[in-house]
Amino acid sequence: MATDLTLPAPSRPDVARIQRRTVRLLVATQIIGGIGVTIGFAVGPLFAARMAGTAVAGLAQSAGVVGAGLLAVPITRIMSGHGRRPGLVMAYLVGAVGGVLVVLAAVTGRVPLLFLGILLFGGGSAANLQARYTAVDLAEPGRRGRQLSLVVWATTIGAVAAPNFAALADRTTSGWGLPPLAGPFAFSAAAFALAAGVLLVALRPDPLLTARRLAPAEAPTPGGGSAATGRRGAGLRAAWRVVRERPAARLGIAAVAVGHLVMIAVMSMTPVRLGEYHDDTAVLRVVGIVLSLHIAGMYALSPVVGWLTDRVGRRPVILGGLALLLAACAVAGSAGHHTPGLTVGLVLLGLGWSGTMVAGSTLLSESVPADVRPGVQGLSDLTMGLAGAGAGALSGFVMQVAGYPALTLLAAIATVPLLALALRPAPGRAPDEED
């Protein structure tokens, strides 16, 4: 039976057709998977608080973030050897298993099973993150930012629709005897399984394997060796060697990780800040509005960010994202008990995250050869996940000891290394020419 690697390389018009089909498919599965991810991360902390107490509720979100980061490692190893399709399918299936385990934990009342389920539930988030890289494999150099940002933007639809599906799932499954808040996780597991099935059937030919067939057969990898050798050894160690030798790749990873760190640090403590001066009858409504606008800032304008990434350049958009993150920290930190001002800060925070995420991911993807690309992208997502998890865990301590303004100040200071890296003179050759 012929595999993707044994098929003849398609002509350029065929590549354009494959790319259009791939992006449409990714947009559809991002919507489905985005609903599942958003439901879990919205309901998870509340569910954990009811099962294990408020003191450990914050660990639920951190467990999901850490799970997404850790699962990126085996998923990208699968992609390195076999292509994007089996890696994405495996990630969604792991997320579905996590959703089922959370439901079982609700039925049995076992807290360790709950956190194991949420950890594996991060597989759905890992799949959503890896999908943005899949959109770049066959994209033309001048359209990479727009193609990647379109897949990121599709998450907006899932995020907006998720609360309605969560309420519907809870009402539906309550008649089946499931405890309250368990139904949304059952729905998420079904959404992940559906996304996995669609990709398994429809993501053919595999975009990464097609890109490898189009690349020169003996293209050298950093450190020596052919493309085939790079595929066999494209784990985290090989990925780190590639990143270390390519300044553009280092900047891409740093942009994604630092932008995520700042966003998580400030965003995770904003509901607590709002709770300081809103009573219990109003705080949930206010938090919902503020975070919805924040999420809109993260995703809704990502196609514009992608267009700017292609037209203006990767590095200028990263610097623009940094400027927005600094402005967000200044506005949110100085807003006091003024909710509209805090809301503006959170919207700016989302826009800054979008700039660093889209431009950083695009720069990273085009800065490394196709044979080691999945490993490098997995290293980036692992770094991003650990940075976000660390920021979320430390933000509560900083908030308790020094307050919200001090937290935003520390988040702003965390951007300094990325700013220094982004302002360094660019290499003499563009990544495409170098490869």
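The structure reproduced in this document is the subject of the present report. (Residues numbered from 1 in each chain as written. Predicted model: local features only at pLDDT ≥ 70, side-chain atom pairs only at ≥ 80, totals over all residues. Heavy atoms only, no water.)

**Description of the overall build of the protein chain**
Point 1. The helix and strand tally for the protein chain stands at 18 helices and zero strands.
Point 2. Taking as baseline every contact in the protein chain between residues at least 6 positions apart, the subset at least 24 positions apart corresponds to 83%.
Point 3. Accessible surface, the protein chain as shown: approximately 17600 Å² in total, 69% of it carbon and sulfur. (Helix = DSSP H or I, 4+ residues; strand = E, 2+ residues; numbered from the N terminus. Contact = heavy atoms within 4.5 Å. Areas by Shrake-Rupley, 256 points an atom, 1.4 Å probe, with all protein chains shown as cover.)

**Re helix α9 (residues 236-245)**
Point 1. Restricting attention to buried positions, one finds in α9 the residues A238, A239, V242 and V243. The buried residues of α9 occupy an angular sector of 135° when the element is viewed end-on, so they sit on one face.
Point 2. Where α9 is buried, its residues meet α10 (247-275) and α15 (373-402). (Buried < 20%, exposed > 50% of the residue type's maximum accessible area, 1.4 Å probe, protein only. Arc of directions from axis to C-beta.)

**Side note on the packing of aromatic side chains**
Point 1. Inspection of the entire model under this criterion finds four aromatic pairs.
Point 2. When the centroid spacing of 6.0 Å and the interplanar angle of 35° are considered together, the rings of Y92 and F192 count as tilted. In this pair, Y92 sits in helix α3 (residues 84-108) while F192 sits in helix α6 (residues 183-202), placing the two residues 100 residues apart along the sequence.
Point 3. Since its relative accessible area comes to 1%, Y92 is described here as buried.
Point 4. Ring geometry for F121 and F185: centres 5.4 Å apart, planes at 70°, overall edge-to-face. Separated by 64 residues along the polypeptide, F121 in helix α4 (residues 111-134) and F185 in helix α6 bring together distant segments of the chain.
Point 5. F121 sits in the buried class, given a relative accessible area of 2%.
Point 6. Here a set of aromatic residues connected by ring pairs shows up, and it is made of Y92, F121, F185 and F192. (Phe/Tyr/Trp six-rings, centres within 6.5 Å; stacked < 30°, edge-to-face > 60°.)

**Here's the deal with the packing of helix α12 (residues 302-311) against helix α14 (residues 339-366)**
Point 1. As a packed pair, α12 and α14 sit with axes 9 Å apart at the nearest point and diverge in direction by 45°. The orientation of α12 relative to α14 falls into the category oblique. In terms of crossing hand, the pair formed by α12 and α14 is right-handed. Listed contacts from α14 to S302, V305, G306 and T309 of α12 are S354, G355, V358, A359 and T362.
Point 2. Considering only residue class, the contact of α12 with α14 consists of three nonpolar, six polar and no charged. (Axes fitted to C-alpha atoms, helices over the stretch in contact; angles between N-to-C directions. Parallel < 35°, antiparallel > 145°, perpendicular 65-115°, else oblique. Left-handed = near helix turned anticlockwise from the far one by under 90°. Nonpolar A, V, L, I, M, F, W, Y, C, P; charged D, E, K, R; others polar.)

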